[in-house]
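Notes for the structure review
Now for the letters of each chain:
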Amino acid sequence: MGTECSRRGSLALTLNIVAFTCALSAVTTSFWCEGTRKVVKPFCTGPVTTRQSYCIRFNSSNINDSRLVQYIWESGEEKFLMRKFHTGIFFSCEQAADMNGFNCRDFKDIAPDHEKGVLWLCITAECLYLILLFTGGVLMWLELCPCLSVMNKLKLNAFAAMFTALSGLLGMVAHMMFTTAFQLAVAMGPEDWRPKTWDYSWSYILAWGSFATCMASAVTALNRYTKTIVEFKYKRRNIEKNLRIKQKLLEMDLPEQMWDMYLTAVPARGEGNAGPLDLPDNGHKPSTGAAYVMGLDSMTEPQGEAYC
């Protein structure tokens, strides 16, 4: 039983660590959404002798000479450039003009002014999600400490499950708020940023994977707490039932033969069964009322082997 309890606690803690790692990686990266933007190619600067794919080249590099007729080779869609971009909660990055590297800026500068409240709520919810998830993981780690009593472990398990489940709900709300904020930016954001095509990227998938793992950790921890309480109540009912039966037999003042038959009929003490009560050394029936003395300590709190 102890090995099973330790195994369940380790599983809940492992799921919590995985969820926290995924959530932290998703929040700190800028690949929640990615796509392309259609922009007009800039004019090439400096002496350019060959045709470039990222800028428009004149037929002559001497653009100040008014006697020369300047013309360009590009026409139609050739005058436009498809730049890649990726966006996260904090930053939005776009390919540079020469298609080498990315230039990043704050995503809050892109979101519409009247919708920035949604973005700030998203950031606040994500921070609370990480804090509560970390708190639940610390409580699960403390619960595995062998120096704590059974009741203290049970309390830590209940709080760990509560904090982890609450963090999962906040994470779900935060992810949905970012989706809303990004779609508003696509529809009403600045013209120099609106994408032509976009889709969700690996950071977004990582965030929802963190939410699923977080809820699995909360369910595992809550299952341990519920199972312990149910087993404790079941054993307590059995003890009280046996005490009531024995008290009735004592009040009926049955002969010794009937008393011995009752002791023989009661199953041996085992898991989920209180078993027969101990007799005095002289082998005679205990006095009326003595049956209620036994087992008071066992009804006060669950035993060590019952905690899982």
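Taking an unreviewed UniProt entry as the reference, the protein is identified by name as Germ cell-specific gene 1-like protein belonging to Oncorhynchus kisutch. Quoted straight from UniProt, the Subcellular location (unreviewed entry) entry for the protein says "Membrane".

Quick word on the overall build of the protein
Counting secondary structure elements, the protein contains 5 helices and 5 strands. Secondary structure elements of the protein, listed N to C terminal, follow the sequence α-β-β-β-β-α-α-β-α-α. Restricting the contact set of the protein to residue pairs at least 6 apart, pairs at least 24 apart contribute 69%. About 17500 Å² of surface is accessible on the protein, with carbon and sulfur atoms providing 62% of the total.

A word on the pairing of strand 3 (residues 91–95)
A large share of strand 3 lies buried, amounting to 4 of its 5 residues. Pairing analysis gives 5 bridges linking strand 3 to strand 4 (residues 102–106), with the strands arranged antiparallel. Along strand 4, the bridge assignment pairs glutamine 95 with phenylalanine 102. Between the antiparallel neighbours strand 3 and strand 4 lie 6 residues, among them methionine 99 with a positive phi of about 65°.

A few points about the side chain of glutamate 126
In this fold, glutamate 126 is placed in helix 2 (residues 116–143). The buried charged residue glutamate 126 lacks any salt bridge partner; its closest oppositely charged side chain belongs to lysine 108, at an N-O distance of 17 Å. In this structure the side chain of glutamate 126 is engaged in a polar contact, spanning 2.8 Å, whose partner is the side chain of histidine 175. Discounting chain neighbours no more than four positions away, the residues touching glutamate 126 are Val27, Trp32, Ile89, Ala174 and His175.

Rules used in this analysis
Residues numbered from 1 in each chain as written. Predicted model: local features only at pLDDT ≥ 70, side-chain atom pairs only at ≥ 80, totals over all residues. Heavy atoms only, no water. UniProt positions renumbered as here; feature names shortened; annotations may be inferred. Helix = DSSP H or I, 4+ residues; strand = E, 2+ residues; numbered from the N terminus. Contact = heavy atoms within 4.5 Å. Areas by Shrake-Rupley, 256 points an atom, 1.4 Å probe, with all protein chains shown as cover. Buried < 20%, exposed > 50% of the residue type's maximum accessible area, 1.4 Å probe, protein only. Pairing = 2+ DSSP bridges. Lys, Arg positive; Asp, Glu negative; His and termini not counted. Salt bridge = Lys/Arg side-chain N within 4 Å of Asp/Glu carboxyl O. Polar contact = N/O pair within 3.5 Å; in protein donor to acceptor, adjacent residues only side chain to side chain.

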